[in-house]
Amino acid sequence: MDDPTLSNQRIQSAPATPRLNLPSTMSDSSLHLENLPSRTMRINRLLNSNYNSSPSRTIYSDRFIPSRSGSNFALFDISNSPTSAEGKEDGSGTYHSLLRAALFGPVTPDKKDPLGPPACRNIFRYKTETKRPLHSLSPFGLDESVPGISHSPVKAPRKVPRTPYKVLDAPALQDDFYLNLVDWSSNNVLAVGLGNCVYLWNACSSKVTKLCDLGIDDSVCSVGWAQRGTHLAVGTSNGKVQIWDASRCRRVRTMEGHRLRVGALAWSSSLLSSGSRDKSILQRDIRAQDDFASKLSGHKSEVCGLKWSYDNRELASGGNDNKLFVWNQHSTQPILKYCDHTAAVKAIAWSPHLHGLLASGGGTADRCIRFWNTTTNTHLSCMDTGSQVCNLVWSKNVNELVSTHGYSQNQIIVWRYPMMSKLATLTGHTYRVLYLAISPDGQTIVTGAGDETLRFWNVFPSPKSQNTDSEIGASSLGRTTIR
């Protein structure tokens, strides 16, 4: 029989119930079970709120309570689907099981269910792995209401038509690498030198006008439109430069200074530069009475390429001495000299997208397109095209350029810069593609060759702000003559 005194002593000597070390603002009464329902309601409100967890995070269960979605109940043939009171499986679970079986076949121990839980030897898992869908990589998530954001798949590369939409016959178009006989004005008029005559073709109306006839003792070697207005410069085989007002078909003036043919022309506002077989470049101000304001010397052979930069601060010149020179507005000696080409440099083009980016192309023995940064005086890259480079022109709408070629493939290539990947290779000319000009809207190019044809190609997209189709040549498919 137990001793009651001993029992009382045991009760008295028993240690007191330990108390929690709580903050002064919290009492033990706040931990009583009577407060659990209200706390549970607050937790449920948090759980039922519109909280979206990150699709890439790992979700852990509370303490050591396993996650139902991540657990491997199928390992011991335990159903993860809640059952009804009658013991029937949920209809959605049955549907998913049948769908998996129909798509992937029955799940066997040797065959992993592709839609099932991850392979694991444990029944319970305490975290849920979530996979990010592909479109969730977008910084805008799944919000379809964000303006300007398209959730459509990436568009296929732009397709360039492989055939010209128009062909003009150009009788007596010379097959001479050192001439520049085609130019396209800002007023959408094409000027072409044919023999000793200059013809104008209006791209909107397809009307052909004969501008001038130099006579049997002279011939056209170059044509060049002023950047604005209707003035056209014509370089002749006699070393003269004529200025014509195309709107009235009237010659404004004739300027001398060269001793041999003038094969290259370039405008910079009211300043006109002319390059000649006499190895010189003359700077002419058409507002002044003098035939030329200054003479640029440096080339050792015929000057066959001239281009002013878009800011009108630098002039690039190419010659039959395989040299590429850069001049400023006031220099009489080149400020930059590039001697990497191994053949004549006729093809010259300034980028409208990056200040100081210059492209040049070499002749038959060179076949390369080279890129230069005239701001830092560096050679950027070189691309061997496999054939004579006759012309280069940049697109003003996209960062692409076109090159035309002679021996031996007579092709036209559309390049994407700076990767220099080929977007298209256009063929059709049977002679060297010696002449190239671009339309004022920047979408169409015209090419000319010794096969006495001018071909019009749609190679560049329209500006982003332009929603209407170009009217250039829209009414004229087929083949006609410019004479």
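Just so we're clear, the structure is a prediction, and the values are computed from it rather than from any experiment. (Residues numbered from 1 in each chain as written. Predicted model: local features only at pLDDT ≥ 70, side-chain atom pairs only at ≥ 80, totals over all residues. Heavy atoms only, no water.)

1. Details of the overall build of the protein
Working step 1: Across its full length, the protein carries three helices and 31 strands.
Working step 2: Buried residues in the protein amount to 41% of all 483 residues.
Working step 3: Partitioning the contacts of the protein with sequence separation of at least 6, the portion at a separation of at least 24 is 49%.
Working step 4: Of the roughly 27,300 Å² that the protein leaves accessible, carbon and sulfur atoms contribute 52%. (Helix = DSSP H or I, 4+ residues; strand = E, 2+ residues; numbered from the N terminus. Buried < 20%, exposed > 50% of the residue type's maximum accessible area, 1.4 Å probe, protein only. Contact = heavy atoms within 4.5 Å. Areas by Shrake-Rupley, 256 points an atom, 1.4 Å probe, with all protein chains shown as cover.)

2. A closer look at the sheet that holds strand E27 (residues 421-426)
Working step 1: If you walk across this open sheet you meet the four strands as E24-E25-E26-E27, and the pairing is antiparallel. Each edge of the open sheet carries a strand with a single partner, namely strand E24 (389-394) and E27. Here the strands of the sheet are splayed against their neighbours by 20° on average, with no regard to which way each runs.
Working step 2: Bridge analysis of strand E25 (residues 400-405) against strand E26 (residues 412-416) gives five bridges, and the strand direction is antiparallel. Directly across from valine 402, in E26, lies its bridge partner valine 414. (Pairing = 2+ DSSP bridges. Axes fitted to C-alpha atoms, helices over the stretch in contact; angles between N-to-C directions.)

3. What to know about the sheet that holds strand E22 (residues 368-373)
Working step 1: Pairing in this open sheet of four strands is antiparallel, and the strands run E20-E21-E22-E23 from one edge to the other. Taken across any chain shown, the strands that pair with only one partner, and hence form the sheet edges, are strand E20 (345-350) and strand E23 (378-384). In this sheet, adjacent strand axes meet at a mean angle of 20° when their direction is disregarded.
Working step 2: As paired elements, E22 and E23 share six bridges and run antiparallel to each other. Directly across from isoleucine 369, in E23, lies its bridge partner methionine 383.

4. A few points about the packing of aromatic side chains
Working step 1: Taken as a whole, this structure holds nine aromatic pairs when the rule is applied.
Working step 2: Plain terms: the ring middles of phenylalanine 325 and tryptophan 327 are 6.1 Å apart, the flat faces sit at 80° to each other, and that makes the pair edge-to-face.
Working step 3: A relative accessible area of 0% means that tryptophan 327 is categorised as buried.
Working step 4: Relative to tryptophan 372, the ring of tyrosine 338 lies with its centre 4.2 Å away and its plane at 20°, an arrangement referred to as stacked. With a gap of 34 residues between them, tyrosine 338 in strand E19 (residues 336-338) and tryptophan 372 in strand E22 connect regions that are remote in the sequence. Neither residue differs from the other here; tyrosine 338 and tryptophan 372 are each classed as buried.
Working step 5: Among the aromatic residues, those joined into a cluster by ring pairs are Tyr165, Trp184, Trp201 and Phe456.
Working step 6: Lying across the ring of phenylalanine 325, lysine 337 places its NZ or CZ 5.8 Å from the centre.
Working step 7: Its end group placed over the ring of phenylalanine 177, lysine 346 keeps NZ or CZ at 5.5 Å from the ring centre. (Phe/Tyr/Trp six-rings, centres within 6.5 Å; stacked < 30°, edge-to-face > 60°. Lys NZ or Arg CZ within 6 Å of the ring centre and 35° of its normal.)

5. Here's the deal with the pattern of salt bridges
Working step 1: Inspection of every chain in the model, using the stated rule, returns 11 salt bridges.
Working step 2: When the shortest N-O distance is used, the salt bridge between arginine 248 and aspartate 245 registers 2.9 Å.
Working step 3: Arginine 261 is the partner of glutamate 302 in a salt bridge, and the nearest nitrogen-oxygen pair spans 3.0 Å. Of the two residues, glutamate 302 sits in the loop between strand E15 (294-296) and strand E16 (303-308) while arginine 261 sits in the loop between strand E11 (250-255) and strand E12 (262-268), which places them 41 residues apart along the sequence.
Working step 4: Taking the relative accessible area as the measure of exposure, arginine 261 reaches 12% and is therefore buried. (Salt bridge = Lys/Arg side-chain N within 4 Å of Asp/Glu carboxyl O.)

6. Here's the deal with the nonpolar core
Working step 1: Leu190, Leu232, Leu454, Phe456 and Ile482 are the most contacted members of the largest nonpolar core, which has 40 residues in total.
Working step 2: Going through the elements one at a time, strand E4 (182-184), strand E5 (189-194), strand E6 (197-202), strand E7 (208-213), strand E8 (220-225), strand E9 (231-236), strand E28 (433-438) and strand E30 (453-458) are the ones with two or more residues in this core.
Working step 3: Apart from the residues lying within four places of it in its own chain, the contact partners of leucine 190 are Val182, Asp183, Trp184, Tyr199, Leu200, Trp201, Trp225, Val446, Leu454 and Phe456. (Core = buried A, V, L, I, M, F, W, Y, C linked by side-chain atoms within 4.5 Å.)

7. Description of a nonpolar patch on the surface
Working step 1: Taken together, the side chains of Tyr95, Leu99, Leu103 and Phe104 make up a nonpolar region of the molecular surface, amounting to roughly 390 Å² of accessible area.
Working step 2: In this fold, tyrosine 95 is placed in helix H3 (residues 91-104). (Patch = residues over 30% accessible without salt bridge, like charges linked within 9 Å, V, L, I, M, F, W, Y side chains within 5 Å.)

8. Quick notes on the side chain of aspartate 218
Working step 1: Note that aspartate 218 resides in the loop between E7 and E8.
Working step 2: In this structure aspartate 218 is buried but unpaired, with lysine 240 as the nearest side chain of opposite charge at 6.6 Å.
Working step 3: Here the side chain of aspartate 218 touches threonine 236 through a polar contact of 3.5 Å, side chain to side chain.
Working step 4: The contact partners of aspartate 218, leaving out residues within four places of it in the chain, are Asn196, Thr236, Ser237 and Asn238. (Lys, Arg positive; Asp, Glu negative; His and termini not counted. Polar contact = N/O pair within 3.5 Å; in protein donor to acceptor, adjacent residues only side chain to side chain.)

9. Here's the deal with the confidence of the model for the protein
Working step 1: Per-residue pLDDT for the protein has a mean of 81; in total, 67% of the residues score no lower than 70.
Working step 2: In this model residues 133-146 is a low-confidence stretch, pLDDT under 50, and it forms nine contacts with partners more than four residues away in sequence or in other chains.
Working step 3: Contacts of residues 465-477 to residues separated by more than four positions or lying in other chains number 19 contacts, the stretch itself having pLDDT below 50. (pLDDT = per-residue confidence, 0-100.)

10. So, the pairing of strand E10 (residues 241-245)
Working step 1: By the criterion of burial, E10 is predominantly enclosed, with five of the five residues buried.
Working step 2: Neither face of E10 is open: one carries Val241, Ile243 and Asp245, the other Gln242 and Trp244, and all of them are buried.
Working step 3: Relative to E10, E9 is paired through five bridges, and the arrangement is antiparallel. Opposite histidine 231, over in E10, you have aspartate 245 as the bridge partner.
Working step 4: Linking two consecutive strands that pair antiparallel, namely E9 and E10, is a turn of four residues; a positive phi of about 90° is found at glycine 239 within it.

11. Quick word on the pairing of strand E21 (residues 357-362)
Working step 1: Counting buried positions over the six residues of E21 gives six, a clear majority of the element.
Working step 2: Along E21, one buried face is formed by Leu357, Ala359 and Gly361 and the opposite face, lined by Leu358, Ser360 and Gly362, is buried too.
Working step 3: Direction of pairing for E20 relative to E21: antiparallel, over a ladder of five bridges. The partner of tryptophan 350 across the bridge, within E21, is leucine 358.
Working step 4: What sits between E20 and E21 in their antiparallel hairpin is a turn of six residues, with glycine 356 showing a positive phi close to 85°.
Working step 5: With five bridges connecting them, E21 and E22 associate as antiparallel partners. By the bridge assignment, glycine 361 is partnered in E22 with isoleucine 369.
Working step 6: Connecting E21 to the antiparallel partner E22 that follows it, the hairpin turn spans five residues, and arginine 367 within it adopts a positive phi of roughly 65°.

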